[in-house]
Amino acid sequence: MTTFTRIAEDETPSIDVDVSRRLSKIDPNIYGGFMEHMGRCIYGGIYEPGSPLSDSHGYRTDVLAALRELDIPVIRYPGGNFVATYHWLDGVGPKDKRPSRPELAWLATETNEFGTDEFMHWLSVLSEGREKRVEPYFALNFGTGTLDEALAWVEYCNGTRDTYYANMRRKNGHPEPYNIKYWALGNEMWGPWQVGQMTAEDYSKRALQWGKALKLLDPSLCLILCGEAGVSTWDFEVLKACIKYTDMHSIHCYTNSNDHIPNVVAPLQAERAIETTAAMIDIARIEAKIPSSVPRTTICFDEWNVWDPARAPGEEGGEELYTLSDALAVGVWFNVFIRQSKYVGMANIAQSVNVISPLMTTKNGIVKQTTWWPLLLFTKYMRGWTIHIHLRCGAYDGVTNPEWLQGVLDQGASWLDVSACVNEEGWVSLAVVNISETQDFEVDIKGVGKEVEIYTITGPNTKAVNAEGKEEVGIIESKWDGQGKFKFGKHSVTMLRWQGGEKVREVLRGEGMRLDTRKMAWS
């Protein structure tokens, strides 16, 4: 959480960091990934048989190595819009017997060469050397799919008994269940582009019945409801109807502008969306008389990024060339997630390879785009607990995209966008995005340590890009003694880290009750 006081442009900004004001735990799942059968994300991204850069399974080893740097906790699969016409049975069993199908979301042909078992095996390879595996998060087909098909997929993945689809998994060479916890009840079913678009009322009826049946089959599932953007009546209507079976509520948002300041300010709309959705969740819980001891439904921001569909059309592969301005916008996105950690249980950047992605593949290797670097910094260091900051700074009052954002920024958008956290070992991390294209800021920082590690992301100008054979944006490391003012350079993301002196002792609340779907009672 950050509190903000606007000051005159000629005053000295200040940041007051108070490590004793530990606010909420940051869920590691906010650093989730997303792999959709779209463009070159799967085929030619993570999976490219025959490439000299691939292993014996066809997995690109350079992509695996890069993704391991991010310590990704969870990856969403197989879509996205793709899932509305995807039938999982097409993608299991002998590859030479799998059918190719027309793919309607991105107007491609899906060969089904890569399916459930391949994805789970790829995840196991990605997870090598980790204490915990990278968790899968599957989305169910709410467009052309059926409840029977959804139940069968869960049984195939998680079944332990002597039943048809569990035995099919064993026959396909996978004796042990995959134990997939996270399942989405469709994707963007409100959208006119969606195969099987529904009204909120129709979606709610279906989601309620699917949720009930899925929980009967496997009570351990975490079911994720299909929301919109977090600021719509759709979100409230489906939450009211389905809150009893909803562990998380999904919202999506993509931001962009051709002008630098509106581009980097645009992610602040996600902050308002999170706050609004959290309020709607509380209203739905109160009206449904859900016991206070039942854990609150959290927000799953499972599609977010900077994306201009006109610049990088999805049906053409959605390959963006990101600028330094976009990297700053990603820094603001992450600051939002840190500030709002009380409410966000998962977030998934769309997407992890090639498609509107920080990471691109070529026949010669990989390219880490400008947006890779804030992603790397945050995933490495912004973990633990959000701590309180008070910021005093000047602010921007100009045009915003969307226009409504300007109306909810009561004091304008601060030139410095900030968040801070402390980890279990007592290390404090302060992330500061200077959104100004022209001005450095000398800042008084209160509560800073005496031996400070500094990581700075910047470039020659806001249009700087990274491409094959050309890297204009990266991380510069330095140190500071914590004395005097600190200068945050124009158009930069800066992270300051220091040892706060004490390890954190966490006090947990009891786990609470869950809905017993057989008795329809909380237990």
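See the structure shown above.
Reading guide: rules and limits
- Residues numbered from 1 in each chain as written.
- Predicted model: local features only at pLDDT ≥ 70, side-chain atom pairs only at ≥ 80, totals over all residues.
- Heavy atoms only, no water.
- Pairing = 2+ DSSP bridges.
- Helix = DSSP H or I, 4+ residues; strand = E, 2+ residues; numbered from the N terminus.
- Buried < 20%, exposed > 50% of the residue type's maximum accessible area, 1.4 Å probe, protein only.
- Salt bridge = Lys/Arg side-chain N within 4 Å of Asp/Glu carboxyl O.
- Polar contact = N/O pair within 3.5 Å; in protein donor to acceptor, adjacent residues only side chain to side chain.
- Contact = heavy atoms within 4.5 Å.
- Axes fitted to C-alpha atoms, helices over the stretch in contact; angles between N-to-C directions.
- Parallel < 35°, antiparallel > 145°, perpendicular 65-115°, else oblique.
- Left-handed = near helix turned anticlockwise from the far one by under 90°.
- Nonpolar A, V, L, I, M, F, W, Y, C, P; charged D, E, K, R; others polar.
- Phe/Tyr/Trp six-rings, centres within 6.5 Å; stacked < 30°, edge-to-face > 60°.
- Lys NZ or Arg CZ within 6 Å of the ring centre and 35° of its normal.

### What to know about the sheet that holds strand E4 (residues 74-77)
Line of reasoning, step 1. A sheet is described by the order of its strands in space; here eight strands give the open sequence E3-E4-E7-E8-E9-E10-E11-E12, paired in parallel fashion. In the strand order of this sheet, the two ends are held by strand E3 (33-34) and strand E12 (344-349), each with one partner.

### Focus on the pairing of strand E18 (residues 416-422)
Line of reasoning, step 1. With seven of seven residues buried, E18 lies mostly within the body of the structure.
Line of reasoning, step 2. The two faces of E18 match: Leu416, Val418, Ala420 and Val422 on one face and Asp417, Ser419 and Cys421 on the other face are all buried.
Line of reasoning, step 3. With seven bridges connecting them, E18 and strand E19 (residues 427-434) associate as antiparallel partners. Note that in E19 the partner of leucine 416 across the bridge is asparagine 434.
Line of reasoning, step 4. Between E18 and E19, which pair antiparallel and follow one another directly, the connecting turn spans four residues, one of which, glycine 426, has a positive phi of 90°.

### Observations regarding the pattern of salt bridges
Line of reasoning, step 1. Under the defined criterion, the tally for this structure stands at 25 salt bridges.
Line of reasoning, step 2. Note that lysine 205 and glutamate 201 form a salt bridge whose closest N and O atoms lie 3.7 Å from each other. Here lysine 205 and its partner glutamate 201 are both found in helix H5 (residues 200-217), four residues apart, which amounts to about one turn of the helix. An identical accessibility class is assigned to lysine 205 and glutamate 201; each is exposed.
Line of reasoning, step 3. Each of Glu48, Arg60 and Asp62 takes part in one network of salt bridges that share partners.

### Examining the side chain of threonine 400
Line of reasoning, step 1. Summarising the element assignment, threonine 400 is placed in the loop between strand E16 (395-396) and helix H11 (404-408).
Line of reasoning, step 2. On the basis of relative accessibility, which here comes to 9%, the residue threonine 400 falls in the buried class.
Line of reasoning, step 3. In terms of polar contacts, threonine 400 uses its side chain to reach the backbone carbonyl oxygen of proline 402, at 2.8 Å.
Line of reasoning, step 4. There is a polar contact of 3.1 Å between the side chain of threonine 400 and the backbone nitrogen of glutamine 406.
Line of reasoning, step 5. The contact partners of threonine 400, leaving out residues within four places of it in the chain, are Val265, Leu405 and Gln406.

### Regarding the packing of helix H8 (residues 268-287) against helix H9 (residues 324-339)
Line of reasoning, step 1. Axis separation between H8 and H9 bottoms out at 8 Å; the angle between their running directions is 25°. In terms of their interaxial angle, H8 and H9 are classed as roughly parallel. Note on packing geometry: the crossing formed by H8 with H9 is right-handed. Facing H8, whose interface residues are Leu268, Ala270, Glu271 and Ile274, H9 presents Val332, Trp333, Val336, Phe337 and Arg339.
Line of reasoning, step 2. Classifying every residue of the contact of H8 with H9 by side-chain character gives seven nonpolar, no polar and two charged.

### Description of the side chain of histidine 388
Line of reasoning, step 1. Position of histidine 388 relative to the elements: it lies in strand E15 (residues 385-393).
Line of reasoning, step 2. Here threonine 3 takes part through its side chain, which lies 3.1 Å from a polar atom of the side chain of histidine 388.
Line of reasoning, step 3. When near neighbours in sequence (up to four residues on either side) are disregarded, histidine 388 contacts Met1, Thr3, Asp16, Val17, Asp18, Arg21 and Leu23.

### Notes on the packing of aromatic side chains
Line of reasoning, step 1. All chains considered together, the criterion is met by 36 aromatic pairs.
Line of reasoning, step 2. Pairing tyrosine 47 with phenylalanine 114 gives two aromatic rings, centres 5.2 Å apart and planes at 55°, and the pair type is tilted. A residue pair is termed long-range when its members are at least 10 positions apart, and tyrosine 47 in the loop between E3 and helix H1 (61-69) and phenylalanine 114 in the loop between strand E6 (108-110) and helix H2 (116-126) qualify at 67 residues. Residues tyrosine 47 and phenylalanine 114 agree in their burial class; the two are buried.
Line of reasoning, step 3. Considering the side-chain rings of phenylalanine 82 and tyrosine 86, the 5.1 Å spacing of their centres and the 35° angle between planes classify their relative orientation as tilted.
Line of reasoning, step 4. Look at phenylalanine 82 and you get buried, because its relative accessible area is 2%.
Line of reasoning, step 5. Of note, arginine 22 hangs over the ring of tryptophan 385, and the distance from its end group to the ring centre comes to 5.3 Å.
Line of reasoning, step 6. We note arginine 206 situated over the ring of phenylalanine 142; from NZ or CZ to the ring centre the distance is 5.1 Å.

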